[in-house]
Amino acid sequence: MHLRKTDGVVLHRTDFKESDLIITLYTADLGKVSGIAKGAKRSKRRFVNNLQPFSYIRIVYSEGRGGLIRLDEADMIQPFFRISEDISKVLYGSYFLEMVKEMTGEKESNLQLFELLVTFLSLLNDSPLREEYPRIFELRFLDLLGYRPRLTECSICNQILPPDNDAWFSYRHGGAVCKRCQVNARGAIAISGETLRAMERALGMDLAEAEEIRFTPLVLAEGKDIFPRFVQYQLGKGLKSLRVMEAVQGA
Amino acid sequence: MSTYTPTVEDLIDKLATLPGVGKKTAARLALHILRSSQDEAQALARSILRVKERVGLCQICFNIAEGDQCVICRNSQRDRSVLCVVEDPNDLISVEATGVFKGLYHVLHGAIAPLDGVGPQELKIAELLERLERDKVVEVIIATNPTVEGDATALYLAKVIKPLGIMVTRIAQGVPAGGDIEYVDSRTMSRSLEGRKEV
């Protein structure tokens, strides 16, 4: 049995039989991968509490059966445990993990996506929570998967949108639409020129600047209204973490 | 091809659905039942049926109960001003086994798990809040698991209970008694250091 090593972030963990766990990870070199950790619920040495969601770990594994790898050992690289000291951070972090789990294919590696995930978990863990984080993550994530929304030109007629004019956002057309075309984009919702510019900036900036970027209340409100729905439109179904987020934040 | 009769095979299949019971153990249990007397087999079947007929959840704390209330809620000697909140009835049994806690319990039947779509509405949290508004509780001890889900549940409960003017505490976390520091993970170790006590 050939043992290999890789680094990954735990996206999801589910009980399997009496003492095993099925772990879904997003790894640097394999992309999304699921594996069985035999005896992990009882093991105090091989896995030592390292298989919780958000954990950034180094695993020793072998190829298993039925597409599952077999986890042999897990060492902690970064536990990101400060995330679970703030319920809003848990909710936003869970949203990031669920997006990656639901929208990426098995064993399709994407190093930039891996770095995006680790960067945003680090931000949640190390700095005060900012409402800008989920918006930047959504946009950058969609971009990396090939779903980058069109924000500077009309998604129907391809005309450049006047920089200060308000426009409409169409989920079906994958981006902004101009005033002339919005009659052909049923269900499109109004979006300000200010939000379009802010989102374009979020897509183009260096990731290291994510902690510094600030949106106005209008941009935050419109972004929160539009982009989680756009993510779910592209996925074709609702995300569980968003439903729980609404229930908790409404309390 | 099966070497058992269809009836025995059916019993093995049913027993194998029990937690911790694989096909081989199920076959051993089935053969044991086959060898036991008619009275013993009927007693076992009656016990299974009686559990399903008579045992439900306590109307107050949602622990396992026969009748409307569990034995703990019925006990007039318990301190009614302190509630210990746990995820599952098994956790209640662990706390109760210490003999240290003399208050009452509230069983949530799970924990907030955003990745599995489990929110506050899926748990017995509304019932807990009703209870706190109705009864004279001065402290709620949160004994959820030290996992991401257990932490999220504790934070949520603190957020909704503190405005009621009730003290909210959480059980301590750290190195287990009789444990080995060498094998303690960094998350547990940092919480142990943060929760240290003067000796």
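Residues numbered from 1 in each chain as written. Chains lettered and ligands numbered in written order. Predicted model: local features only at pLDDT ≥ 70, side-chain atom pairs only at ≥ 80, totals over all residues. Heavy atoms only, no water.

Asks: Let's hear about the interface of chain A and chain B: which residues, and what values?
Replies: Across the contact, 34 residues belong to chain A and 30 residues belong to chain B. Interface of chain A and chain B: buried area, both sides summed, is about 2600 Å²; carbon and sulfur atoms make up 58% of it. Considering only the side of chain A, the residues that lose the most area to chain B are Phe81, Ser84 and Ile87 of chain A, jointly responsible for 19% of the buried surface there. The interface formed by chain A and chain B contains three salt bridges. When the shortest N-O distance is used, the salt bridge between glutamate 149 of chain B and arginine 13 of chain A registers 2.7 Å. Taken together, chain A and chain B are joined by nine residue pairs in polar contact (both at pLDDT 80 or more). Every element with two or more residues in the side of chain A that touches chain B is listed here: strand 1 (4–16), helix 1 (87–103) and helix 6 (240–249) of chain A. Among the elements that make up the side of chain A that touches chain B, the one with the highest residue count is helix 6 of chain A (seven residues). Residues that form the side of chain A that touches chain B fall into these classes: 15 nonpolar, nine polar and ten charged. (Contact = heavy atoms within 4.5 Å. Buried area = accessible area lost by both parts, 1.4 Å probe. Salt bridge = Lys/Arg side-chain N within 4 Å of Asp/Glu carboxyl O. Polar contact = N/O pair within 3.5 Å; in protein donor to acceptor, adjacent residues only side chain to side chain. Helix = DSSP H or I, 4+ residues; strand = E, 2+ residues; numbered from the N terminus. Nonpolar A, V, L, I, M, F, W, Y, C, P; charged D, E, K, R; others polar.)

Asks: Residue-level account of the packing of helix 1 of chain A against helix 3 (residues 132–144) of chain A, with values.
Replies: All names here are of chain A. Running from N to C, helix 1 and helix 3 cross one another at 10°; their axes reach a closest spacing of 10 Å. The orientation of helix 1 with respect to helix 3, classified from their angle, is roughly parallel. Counted together, Tyr92, Tyr95, Phe96, Met99, Val100 and Met103 of helix 1 and Tyr133, Pro134, Arg135, Phe137, Glu138, Phe141 and Leu142 of helix 3 form the full contact between these two elements. Of the residues that constitute the contact of helix 1 with helix 3, the class distribution is eleven nonpolar, no polar and two charged. (Axes fitted to C-alpha atoms, helices over the stretch in contact; angles between N-to-C directions. Parallel < 35°, antiparallel > 145°, perpendicular 65-115°, else oblique.)

Asks: Before we move on, can you summarise the packing of aromatic side chains with the specific residues and values?
Replies: Each aromatic ring pair is specified by the distance between its two centres and by the angle formed by the two planes. Residue and element names in this part refer to chain A. Within the structure shown, the criterion is met by 13 aromatic pairs over all chains. A centroid spacing of 5.7 Å and a plane angle of 65° characterise the contact between tyrosine 56 and phenylalanine 114, whose relative ring orientation is edge-to-face. With tyrosine 56 in strand 4 (residues 56–63) and phenylalanine 114 in helix 2 (residues 111–126), this pair connects stretches of sequence that are 58 residues apart. Using a relative accessible area of 15% as the deciding quantity, one classes tyrosine 56 as buried. Judged by centre distance (6.0 Å) and plane angle (80°), the rings of phenylalanine 96 and phenylalanine 120 are edge-to-face. You can see phenylalanine 96 sitting in helix 1 and its partner phenylalanine 120 sitting in helix 2, a full 24 residues away along the chain. Like phenylalanine 96, the residue phenylalanine 120 is buried in the burial classification. Taken together, the ring pairs connect Tyr95, Phe96, Phe120, Tyr133, Phe137 and Phe141 into an aromatic cluster. (Phe/Tyr/Trp six-rings, centres within 6.5 Å; stacked < 30°, edge-to-face > 60°. Buried < 20%, exposed > 50% of the residue type's maximum accessible area, 1.4 Å probe, protein only.)

Asks: I'd like a rundown of the nonpolar core, residues and numbers included.
Replies: Ranked by internal contacts, the top residues of the largest apolar core, which has 106 residues, are Leu117, Phe120 and Phe137 of chain A together with Ile161 of chain B. Top element by residues in this core is helix 1 of chain A. It accounts for ten residues. Setting aside its immediate chain neighbours within four residues, isoleucine 161 of chain B contacts Leu128, Leu129, Leu132, Val140, Ile166 and Val168 of chain B. Counting residues in hydrophobic clusters, the runner-up holds 16 residues, among them Val10, Leu21, Leu30 and Tyr61 of chain A. (Core = buried A, V, L, I, M, F, W, Y, C linked by side-chain atoms within 4.5 Å.)

Asks: I'd like a rundown of the environment of valine 9 of chain A, residues and numbers included.
Replies: Residue and element names in this part refer to chain A. Among the structural elements, valine 9 can be located in strand 1. A C-alpha to C-alpha distance of 26 Å links valine 9 and glutamine 249, two positions 240 residues apart in sequence. Leave out the neighbours within four places in its chain, and valine 9 touches Thr24, Leu25, Tyr26, Phe54, Ser55, Tyr56, Leu97, Phe114, Leu117, Val118 and Leu121.

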